[in-house]
Amino acid sequence: MAPGVAPAPAARAASTGNFSAQAKRKQSTFVGGKLVIEEPKKAKSVSQKNREKRLQAFLDKTVVQVVLGADLLLTLFMPDFWIISDPHENADNVMNVILTLGFVLFIFEIGFTYMAKPKEYNPRTFFFWMDIIGTASILIDITWFDFGLGGNAKDATTLRAARVAKLGARSSRLAKFAKMVKFYFSNETAVENDSDSAKRISNKLSQLLASRVAALVIFLIVVTPFLQTAVIDFSYDSFAMTTYQLLQTSVAADMTSAEWTDYVDEFYTFYDAKTGGTETVDMPLSLTIKGLTEAQCPDDDASNNFESEWVSSTSSCEFDFGHDHALETTGHYWVREANQEIFSYKGTIDITYDRTQGMRDEAGYSVVLITLVIMLLVGFSVSFNSSLNQLVVEPLSRIMNKLRTTAASVLDSVKSLQTDEDEDDDEGMNEADVLEIMVDKLARIVKNVMSSNMQNMIEQNRDMIDENTEQFLNQYSDTTKKDADIKKTATIRDESINVSTIDLPVAKDMICSFDFDTLALTHDQLVPCAMYMFENMHLLTEFNIDPIVFKTWIGKIRIRYKLDPQYHNWWHGVDVLHTTFRLLACAQAEAYLSKLEIFSTMVAACAHDVGHPGINNAFLVKSKNELALKYNDKSPLENMHCATLYEVVSEQDADIFGTLTDEQWHDCRKQIVECILNTDMVNHFGNVGKLQNFYEVSGEEVSNFVSAIATGAADVAVPEVFTDQVDGPKNRLLLQETFLHAADLSNPIKPLAIYQKWVSRVTEEFFAQGEQERSVGFPVSAMMDRSSTN
């Protein structure tokens, strides 16, 4: 309600309509004793929202989800089933085309989902990157591309890396499956037709848990190979090494073709005997031995397990086992080129072997693993949603229903922050968000109440307070609380005012602005300015105060302000009166404060520092000054100001309260005393906490009301926070105290040239007290040492 606070909507009923314009500016709120400035959320255009809704509706269609689900299952299982079925390699193009189409389909899905849900699905989210990785991993299974992930190396580290790459690629697609499971088994469809928005929390938790479970699955699948010992067949290495060593001896030179036939036959029989058992065996297809003579190379004989041939160009003997083995292990007379591996040893021994059986076994295990993970994901999703509904959704629904009944005003206050467009937007607040905001609001209120003493407030604002400032503020540390239970009987009125400006030393427009500089005028010139402010509020007429009596009162108050203090003098008194006058006007105070309350606030402002000696309460208490002793160390200066004011009005020619009724007189005195005593800085942080609570509970409602009055709205109901018979007087007094206290500390908001004048004066007064403290042997207070203060 003070200048600088963004105007709120005209009335509660119209709040959502006007909030759109307000949202374009920065918003502020109190959080833990700090004023936090938030950047407003950038509003979406209507066309963008419509596009997002159309895209989301398209993606949510059953046929689209079925197609995407089928595509996902194909890309998950097809590469493994293709290996198991072992078709001719010429048919690989069929699988490649299908996987390529699946890859393109997922690319479009990622693009459409990003455009439909840019907030929930973007590069900062888990599923976005899992979809990117999962889609890209499809390229690994397309045989047109060779990524070297066959996993055929004779090195355990390389083999593990190959396994991790392939399993990680599949697991990324499983993350996509986890997202689809969430779609099919969540309560999202029910929410559309169910007013109980607590189920939305279930959906959010489901999505969160789905991402966590998917991440855990990926982690386990990727890490598992590193926890296993890589099983590698070194039998070919052993045979090749043995054969090579044999060739280096004279024994090999003496061996006949028959002996080489038996030698190679034993080699083949070793593997053939293991085929079809529990072991996975890579069967030899051919064997080439260099270093034999043509006579030692066996002749091709149908009785042998192989076909042999002498190759004179390389001086080697080749043994071929392929055709019979292919028929036995694959069911056809070919071995896919991709399934063949060649092992060479020192350029002498070359062994070509068939990995079909091993690849089939590996593909079968992969199918089992993926199926098991899918079963776990589906089972977890169903079980989790059932438990979540029982343990969270139903109790939360009851809580929300209770809140709707018992806290309707708070709900309306929070929901008024939402625009009409937001209500149609999936990203707008639902009741779960409202619950979160309400709980946060209550937590801040409790924290404000518990943090009303200065030390707690200093700790909360530690990053903004240096050591000197902390020492200065600690002088005013006090936890005493006051109950401002003031009775209210006046009526709120609004009138047209005509005020004479004949005696004003400046234009009235200057007085009605924050550019008014009291330091530019003499003490005598400030008297008509002060009178004008009261007359502008129509206070003299309202209470039938004689202008001569009022002028006499102002003159005597002026005289009671001391001349010695550089800061706390008549110029400061009128400056605070003027700022209070402006704050009351800007905050439309006449709409919710009575004339008596406004009169009391203005009188308190004019006399709030009358008789100030230029030293603070801490010095008075330390020096055992008679004021401190008189008022028992409790706000001695402020008590003296109140006493001085009533000494002046006790004189008949300056009794501005003489026309008040007894009830008005006592109400006015209570308000004036409370407002002046409240200017003691020991009350500052406690009052900040009270004001924060007022803002949290009623800020939006009051802001709407003030904005409506400012725009000329008629017949606007005064908020109940001001009219309630119990709390209304307390809330109005809180604002009276706030207006005066804010005006007392308002120099920093004035134009820079005026502010600089006041800074010079207040520091000079501080330094004067510091010199007094040094002269009597007291430690110099923070900010009062001329030699060290900036």
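All figures in this text were calculated on a predicted structure; none of them were measured in a lab.

A closer look at the pairing of strand β5 (residues 316–320)
Stage number 1. Where strand β3 (residues 283–290) lies against β5, five bridges are found, and the strand directions are antiparallel. Paired with Leu287 across the strands is Phe319, a residue of β5.
Stage number 2. The antiparallel hairpin formed by strand β4 (residues 307–311) and β5 contains four residues in its connecting segment, where Ser315 sits at a positive phi of about 50°.

Quick look at the pattern of salt bridges
Stage number 1. If you walk through the whole model with that rule in mind, you get 12 salt bridges.
Stage number 2. Notably, a salt bridge pairs Glu597 with Arg732, separated by 2.8 Å at the nearest N-O pair. Within this pair, whereas Glu597 is found in helix α24 (residues 595–607), its partner Arg732 is found in helix α31 (residues 728–744), the two being separated by 135 residues in sequence.
Stage number 3. Among the charged side chains, a salt-bridge network with shared partners connects Lys556, Glu651 and Asp653.

Structural notes on a nonpolar patch on the surface
Stage number 1. A cluster of nonpolar side chains, namely Val97, Leu101, Trp144 and Phe145, defines an oily patch on the protein surface of about 420 Å² accessible area.
Stage number 2. Position of Trp144 relative to the elements: it lies in the loop between α5 (126–141) and α6 (156–185).
Stage number 3. Taking the relative accessible area as the measure of exposure, Trp144 reaches 48% and is therefore partly exposed.

Notes on the sheet that holds β3
Stage number 1. Spatially, five strands are ordered β4-β5-β3-β7-β6 in an open sheet, and the strand pairing comes out antiparallel. Every interior strand has two partners, whereas the edge strands, β4 and β6 (340–345), have only one. With direction set aside, neighbouring strand axes in the sheet form an average angle of 15°.
Stage number 2. Pairing between β6 and strand β7 (residues 349–354): six bridges, direction antiparallel. Across the sheet, the residue bridging to Gln340 is Asp354, located in β7.
Stage number 3. The sheet contacts of helix α11 (residues 257–272) involve β3, β5 and β7, and relative to β3 the element is tilted by about 155°.

Regarding the confidence of the model for the protein chain
Stage number 1. Counting all residues, the mean pLDDT for the protein chain is 77, and 69% of those residues have values of 70 or more.
Stage number 2. In the model, residues 185–196 has pLDDT below 50 throughout and makes 21 contacts with residues more than four positions away in sequence or in other chains.
Stage number 3. Note on residues 416–428: pLDDT is under 50 here. Beyond four places in sequence and across chains, it has 30 contacts.

Criteria and thresholds
- Residues numbered from 1 in each chain as written.
- Predicted model: local features only at pLDDT ≥ 70, side-chain atom pairs only at ≥ 80, totals over all residues.
- Heavy atoms only, no water.
- Pairing = 2+ DSSP bridges.
- Helix = DSSP H or I, 4+ residues; strand = E, 2+ residues; numbered from the N terminus.
- Salt bridge = Lys/Arg side-chain N within 4 Å of Asp/Glu carboxyl O.
- Patch = residues over 30% accessible without salt bridge, like charges linked within 9 Å, V, L, I, M, F, W, Y side chains within 5 Å.
- Areas by Shrake-Rupley, 256 points an atom, 1.4 Å probe, with all protein chains shown as cover.
- Buried < 20%, exposed > 50% of the residue type's maximum accessible area, 1.4 Å probe, protein only.
- Axes fitted to C-alpha atoms, helices over the stretch in contact; angles between N-to-C directions.
- Contact = heavy atoms within 4.5 Å.
- pLDDT = per-residue confidence, 0-100.

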